[in-house]
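# Breakdown of the fold
The lines below spell out each chain.
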Amino acid sequence: MDFSKRVTEVPPYLFAEMDKVQRELEGKGVDVISFGVGDPDLPTPDPIIDTLNAAARDPVNHRYSPYEGLIEFRKAIANWYKRRFGVDLDPVREVHALMGVKEGVIHFLLSVVDPGDLILVLDPSYPIYEVGTRFAGGEVYRVPLLAKNGFLPEISSIPNDVAQKAKLIFVNYPHNPTATVASLDFYQELIGFAREYEIVVCNDLVYSELYLEKERPPSLLQVKGAKERVVEFHSLSKTFNMTGWRIGFAVGSPELIGALGVIKTNTDSGLFRPIQIAGIKALNQDFREQDYLRVIYRRRRDIVLSKLKEVGLQVDPPQGTFYVWIPLPWGNSSIDFCKTILERCGVVLGPGVGWGQYGEGYFRIALTLEDDRLRAGMDRLGRAIQKGL
Ligand SMILES: Cc1ncc(COP(=O)(O)O)c(C=O)c1O
């Protein structure tokens, strides 16, 4: 069977090789501890679940929902943006419901990218920006994120001909996998660049509430006048431990949101209404309700950093997200390092190269497992690093 290039040319799944080794080990009875995928172990808060339950009992909610989302949900999103970032959004034209950011990004790229268009993505980064671009037939230019620049792109080093050709740049701060948070100054520079070259700017803001330092990460839409060329993505996945629910949203330029709507109207038929009603409950909460999450992730970050320090690895503390980004203690192949650790210690790590060539030389730990398991895994990893396996 001849499959489409979309299928045959998609880069291999990040954790495929590691998954295979993990399954083999588990088959042999090894107790594998996974620091691999960023999927919160914590439950969705009860009031959100109770709201879903009540809404699911009402037959009115069993019907199709509007493609762009219930107006009450879109109003709750606009309200959340206003309270959190001081940004005004028109819930009718500037907000679209999504089945999570992953779905939204793929469909958004289908609405903007034509074959041959050039899209700038950060390297390392969440692979979906590149996958979505390729699905649409576009080309990708990878902008390196280097430790010496604090894992922010050096905008001035993007070659002029590349900038001239580029249609869109995709950023994601707080950043997966480097755990960097961007400042409003950086966003200002980015918008200046985008204006000069008439480029659309997208920001994946999925980790905005998982800040580990005092300052709350800003929105790209806080830059004055940026909205005309910006779309920002967010979801309830990480903010409210709702990864399995599939609920998120895109906001920004009414033209771009309208284009996304054309694709979505023709691919899905809206989110299950009770999920949106539960989403309203989540977004209407007082921001302090989420403090407990940051307390947990800060505590877990400290468990990881103190163990790494104990074995002689000095690591820059993550500023946001629930990841720790760590230079390899030996060797220069992140795949080899992570495979060795998995085979010898039964600990799954994320090999840095899985997020792009500039991720080579690093590995990632996700803090999404309970403290005792995290400690046990770190003890195994610490011993391996000390022994220099
Ligand atoms: C940067 C980034 N964006 C989006 C997602 C997926 O978000 P959602 O669950 O809303 O699809 C992830 C998941 O790991 C992510 O790391």
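Here, residues in each chain are numbered from 1, in the same order as that chain's written sequence. For this predicted model, a pLDDT threshold of at least 70 governs which residues receive local features, and a threshold of 80 or more governs which side-chain atom pairs are given and counted, while totals over whole chains, interfaces and linings are taken from all residues. Only heavy atoms go into the side-chain values, all of them from the structure, while hydrogens and water stay out.

## Notes on the sheet that holds strand S2 (residues 95-98)
- If you trace the 7 strands from one edge of the open sheet to the other, you get S2-S8-S7-S6-S5-S3-S4, paired in mixed fashion. Where the open sheet ends on each side, the last strands, each with one partner, are S2 and strand S4 (139-144). Neighbour-to-neighbour, the strand axes of the sheet open up by a mean angle of 20°, direction not taken into account.
- Two strands are said to pair when DSSP picks up at least two bridges between them. Here a helix means four or more residues in a row that DSSP labels H or I, a strand means two or more in a row labelled E, and each is numbered from the N terminus. The pairing of strand S5 (residues 166-171) with strand S6 (residues 200-204) spans 4 bridges and is classified as parallel. Paired with valine 171 across the strands is asparagine 203, a residue of S6.
- Contact definition: two residues touch when any of their heavy atoms are within 4.5 Å. Only the stretch in contact is used when fitting a helix axis, every axis being a line fitted to C-alpha atoms; angles between N-to-C directions are given from 0 to 180 degrees. Across the sheet, helix H4 (residues 71-85) is in contact with S2, strand S7 (230-235) and strand S8 (248-252); its angle to S8 comes to roughly 65°.
- Sitting on the sheet, helix H5 (residues 101-112) touches S2, S5, S6 and S7, and the angle it makes with S7 is about 160°.

## As for the domain arrangement of the protein chain
- Looking at the assigned domains, one finds that the protein chain contains domain 1 (5-43 + 290-387) and domain 2 (46-288).
- The source of the domain bounds is an automatic or database domain assignment. Here domain 1 and domain 2 have C-alpha centroids that lie 26 Å from each other.
- At the junction of the two partners, domain 1 supplies 32 residues and domain 2 supplies 38 residues.
- Two parts placed together each lose some accessible area under a 1.4 Å probe, and the buried area is that loss summed for both. Counting each side, the surface lost to burial between domain 1 and domain 2 is near 3100 Å², with a carbon and sulfur contribution of 56%.
- A side-chain nitrogen of Lys or Arg and a carboxyl oxygen of Asp or Glu constitute a salt bridge if their distance falls within 4 Å. On the surface where domain 1 and domain 2 come into contact, there are 0 salt bridges.
- Pairs of N or O atoms are called polar contacts if they sit within 3.5 Å, as long as, within protein, a hydrogen donor faces a hydrogen acceptor (for residues adjacent in sequence, only side-chain-to-side-chain pairs). Linking domain 1 with domain 2 are 24 residue pairs in polar contact (both at pLDDT 80 or more), by the criterion used here.
- Those elements that provide at least two residues to the side of domain 1 that touches domain 2 are helix H12 (291-310), strand S9 (323-327) and strand S12 (362-366).

## Concerning the packing of aromatic side chains
- To pair, rings of Phe, Tyr and Trp, with the six-membered ring standing in for Trp, must have centres within 6.5 Å; the planes then decide the type, stacked if under 30 degrees apart, edge-to-face if over 60, and tilted in the middle. One pass over the full model with this rule turns up 22 aromatic pairs.
- Residues phenylalanine 193 and tyrosine 197 carry aromatic rings whose centres are separated by 5.3 Å and whose planes lie at 50° to one another, so their mutual orientation is tilted. Pair noted here: phenylalanine 193 and tyrosine 197 are both in helix H8 (residues 184-197), with a separation of 4 residues, about one helical turn.
- Judged by relative accessible area, which is 6%, phenylalanine 193 ranks as buried.
- Using a relative accessible area of 18% as the deciding quantity, one classes tyrosine 197 as buried.
- Measuring from ring centre to ring centre gives 5.0 Å for phenylalanine 337 and phenylalanine 363, while their planes differ by 40°; the resulting arrangement is tilted. In this pair, phenylalanine 337 is assigned in helix H13 (residues 334-345) and phenylalanine 363 in strand S12, connecting sequence segments 26 residues apart.
- Phenylalanine 337 gets classed as buried once you look at its relative accessible area, which sits at 2%.
- Aromatic ring contacts, followed pair by pair, group Trp80, Tyr81, Phe85, Phe249 and Phe287 into a single cluster.
- For a Lys NZ or an Arg CZ to count as sitting over a ring, it must be within 6 Å of the ring centre and within 35 degrees of the ring normal. Its guanidinium or amino end placed over the ring of phenylalanine 287, arginine 83 lies 4.7 Å from that ring's centre, counting from NZ or CZ.
- Between the NZ or CZ atom of arginine 216 and the centre of the ring of phenylalanine 287, over which it lies, the distance is 5.6 Å. Partly exposed residues are those whose accessible area sits between 20% and 50% of the maximum for their type, while under 20% is buried and over 50% is exposed, using a 1.4 Å probe and protein chains only.

## Points about the nonpolar core
- Judged by nonpolar contacts, the single largest core of 68 residues is most densely connected at Phe233, Leu349 and Ile365.
- Only buried residues count toward a nonpolar core. Its members are Ala, Val, Leu, Ile, Met, Phe, Trp, Tyr and Cys residues joined through side-chain atoms within 4.5 Å. The next biggest cluster of nonpolar side chains, apart from the first, holds 61 residues, and it includes Ile158, Leu236, Trp245 and Phe249.

## Section: the site of the ligand
- A single heavy atom is enough: if one lies within 4 Å of a molecule or strand, its residue is considered near that molecule or strand. What surrounds the ligand is a group of 14 residues, the closest being Val101, Asp204, Ser235, Ser237 and Arg246.
- Residue serine 237 places a side-chain N or O atom 2.6 Å away from an oxygen atom belonging to the ligand.
- Lysine 238 places a side-chain nitrogen or oxygen 2.8 Å from an oxygen atom of the ligand.
- Within the complex, the protein chains bury 91% of what would otherwise be the 400 Å² of accessible surface of the ligand.
- At the level of secondary structure, the elements contributing two or more residues to the shell around the ligand comprise H5 and helix H9 (236-239).
- Three categories are distinguished: nonpolar for Ala, Val, Leu, Ile, Met, Phe, Trp, Tyr, Cys and Pro, charged for Asp, Glu, Lys and Arg, and polar for the others, with Gly belonging to the last. When grouped by side-chain class, the residues that make up the shell around the ligand number 5 nonpolar, 5 polar and 4 charged. The method behind every accessible area is Shrake-Rupley, applied with a 1.4 Å probe, and residues are considered shielded solely by the protein chains displayed.

## Notes on the sheet that holds strand S11 (residues 350-351)
- Across the sheet, which stays open at both edges, the 3 strands sit in the order S9-S12-S11 with antiparallel pairing between neighbours. Two strands close off the open sheet at either side, each with one partner strand: S9 and S11.
- One ladder, built from 2 bridges, connects S11 with S12; its direction is antiparallel. Across the sheet, residue proline 351 finds its bridge partner in S12, namely phenylalanine 363.

## Section: H4
- What a helix should span is 1.5 Å times the count of its residues minus one. Between its first and last C-alpha atoms H4 spans 21 Å; for 15 residues at 1.5 Å apiece the expected length is 21 Å, and the two agree.
- Elements that come into contact with the buried residues of H4 comprise S2, S7, S8 and helix H11 (273-284).
- With its phi angle positive at about 70°, glycine 86 sits one or two positions after the end of H4.

## Regarding the environment of histidine 175
- Within the secondary structure, histidine 175 is located in the loop between S5 and H8.
- By relative accessible area, histidine 175 is classed as buried at 0%.
- When the C-alpha positions of histidine 175 and glutamate 26 are compared, they lie 31 Å apart, and in sequence the two are 149 residues distant.
- Once residues within four sequence positions are removed from consideration, histidine 175 is found in contact with Leu122, Pro124, Ser125, Leu145, Thr180 and Thr321.
- A polar contact is formed between the side chain of histidine 175 and the side chain of threonine 178, at a distance of 2.7 Å.

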